[in-house]
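For reference, the chains in residue letters:
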Amino acid sequence: MVKEMTSGSPMKLILYFSIPMLIGNVFQQFYNMVDAMVVGRFVSMQALAAVGATGSMMFTILGFAMGLTTGFSIIISQRFGAGNQAGVRQAVALSIYLSIGITIVMTVVGFVLTDPLLTLMNTPPDIIEDSKTYLYVIFGGVVAGIFYNLFSSVLRALGDSKTPLYFLILASILNVVLDLIFVIIFSMGVAGVAYATIIAQLISCILCVLYMLKKYPLLRLQKQDWAWNQKTAMQLLRIGLPAAFQNSVTGLGVLILQSVVNGFGSIVVAAYTAASKVQQLATQPLFSFGLAMATYSGQNLGAGRLDRVRQGVRAGMILTIISSIAGMVLMIFCSEWLIHLFISGEEVETVAKVMEYAKIYLIVTSIFYFCLGGLLLYRNTLQGLGNAMIPMLSGFLELVVRIVLCISLPLVFDFVGIPLADIGAWIAAFVLNGVFYYRNVRVLEEGRRT
């Protein structure tokens, strides 16, 4: 069911639209976490470290494609808000064309760069072969992830945040079952959890397509919709490419941070992996509110309601602050229990060291969750308003700050310098996006008055 966000209480609209996405994002994270949980508990601590060591590299490469499809949905939401149904169908068709092209590129790039990047990242020798195996499988099936994200983004652009959730829940359950079968019964190790992920993503993608064709007449593309339109393609790329580069640049910063972590050895890599997975779960409300603002601001810009954009940002900031405080409390009091989900009872001393490093990371970063939430809120709102350059530039700023801090701070603060580097990157990007959001809205309002 489509959902127009151009009338009604902004707070309720953002909250209600975010809830299905939040549940979906939690399942998405659980979907990703299960790989680490299964290998960490049923294979070895080295296998956990191997899966974790690949995360930043995967996000750097695959994040480009995910940012691109998210950017495409901004154009779709703007046209939907303006009541341009033919334009919606045309944008969807061209998004499919462009996604096919990016799938081919990402597959080739992933295979070519796996070996040299793992070596460049100073990946510990005892986990590098498992890391390669995991990445080769993931990049071989990248088409499933890209097109699931594209079609779920299209549905969200029309205000439907529930349907992608249902398919994701089903795929998450399947992923868990396949992980356990491939690892415990067939002893496939890290390759098994990678195959399980690809199969689950493929099923999510197929279900999204079937549902769209059956339930949304608006999305039943006709022959004329598939005609190439240079103007629409450039509009999609104008928003999609900066969002894609912003994701990849952010991922590059995390990749460099991972390289520094790798230098501490496989125990610290395992701790950082477990802590990162827990943090991703705790911060999902912040990501959900940000994604909601992209659709909300895009639809209201299309409807000419900039006043509602301001109201929505204020409502979103209130929700962000509340969620940030809740996340901090969760990390302070429950982080140890959550970390234990990822580690098995191997050597007591090893487990204790992993736990210590992971808790340090989670508690230190949780104090600044409000900066991460504000960054996501302003960044997605700017993208919804059609401003793709500032979010991309903020990604470059995050990269520079994270590189400088992750290289310098560990020299002074040892492992504590790692969470401090993340915090510094969040703050810098938060300030930049916030300043330009208010400037952008003011310029748009003045343009409409004249």
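In the block above lies the structure referred to throughout.
A quick note: this is a predicted structure, and the numbers were derived from the prediction, not measured.

Caption draft 1: Broad picture of helix α10 (residues 284–302). Its 19 residues give α10 an end-to-end C-alpha distance of 27 Å, which sits within 8% of 27 Å, the value for a rise of 1.5 Å per residue. Of all the 19 residues making up α10, 16 are buried; the element is thus mostly covered by neighbouring parts of the structure. At the exit of α10 stands G304, carrying a positive phi of roughly 75°.

Caption draft 2: View of helix α9 (residues 266–282). Between its first and last C-alpha atoms α9 spans 24 Å; for 17 residues at 1.5 Å apiece the expected length is 24 Å, and the two agree. The element α9 is largely enclosed, with a buried count of 14 among its 17 residues.

Caption draft 3: Summary view of the nonpolar core. Counting residues in each nonpolar core, the largest one holds 64 residues, and the members touching the most others are M57, I76, V88, Y134, F151, L158 and L219. Among the secondary structure elements, those contributing two or more residues to this core are α1 (10–42), α2 (45–81), α3 (85–120), α4 (128–140), α5 (142–157), α6 (163–185), α7 (189–215) and α8 (230–262). Element by element, the count of residues in this core is highest for α2, at 14 residues. Leaving out residues up to four positions away in the same chain, Y134 has contacts with D35, V51, T54, M58, V190, V193 and A194.

Caption draft 4: Geometry of the packing of aromatic side chains. This model, assessed by the stated rule, comprises 16 aromatic pairs. Their ring planes at 45° and their centres at 5.8 Å tell us that F147 and F151 sit as a pair that is tilted. Here F151 and F147 lie together in helix α5, a separation of four residues that amounts to about one turn. Taking relative accessible area as the criterion, F147 reaches 10% and is therefore assigned buried. F151 gets classed as buried once you look at its relative accessible area, which sits at 9%. Summarising the aromatic geometry, the rings of Y211 and Y216 are spaced 5.9 Å apart at their centres and angled 65° between planes, so their arrangement reads as edge-to-face.

Rules used throughout
Residues numbered from 1 in each chain as written. Predicted model: local features only at pLDDT ≥ 70, side-chain atom pairs only at ≥ 80, totals over all residues. Heavy atoms only, no water. Helix = DSSP H or I, 4+ residues; strand = E, 2+ residues; numbered from the N terminus. Expected span 1.5 Å × (residues − 1). Buried < 20%, exposed > 50% of the residue type's maximum accessible area, 1.4 Å probe, protein only. Core = buried A, V, L, I, M, F, W, Y, C linked by side-chain atoms within 4.5 Å. Contact = heavy atoms within 4.5 Å. Phe/Tyr/Trp six-rings, centres within 6.5 Å; stacked < 30°, edge-to-face > 60°.

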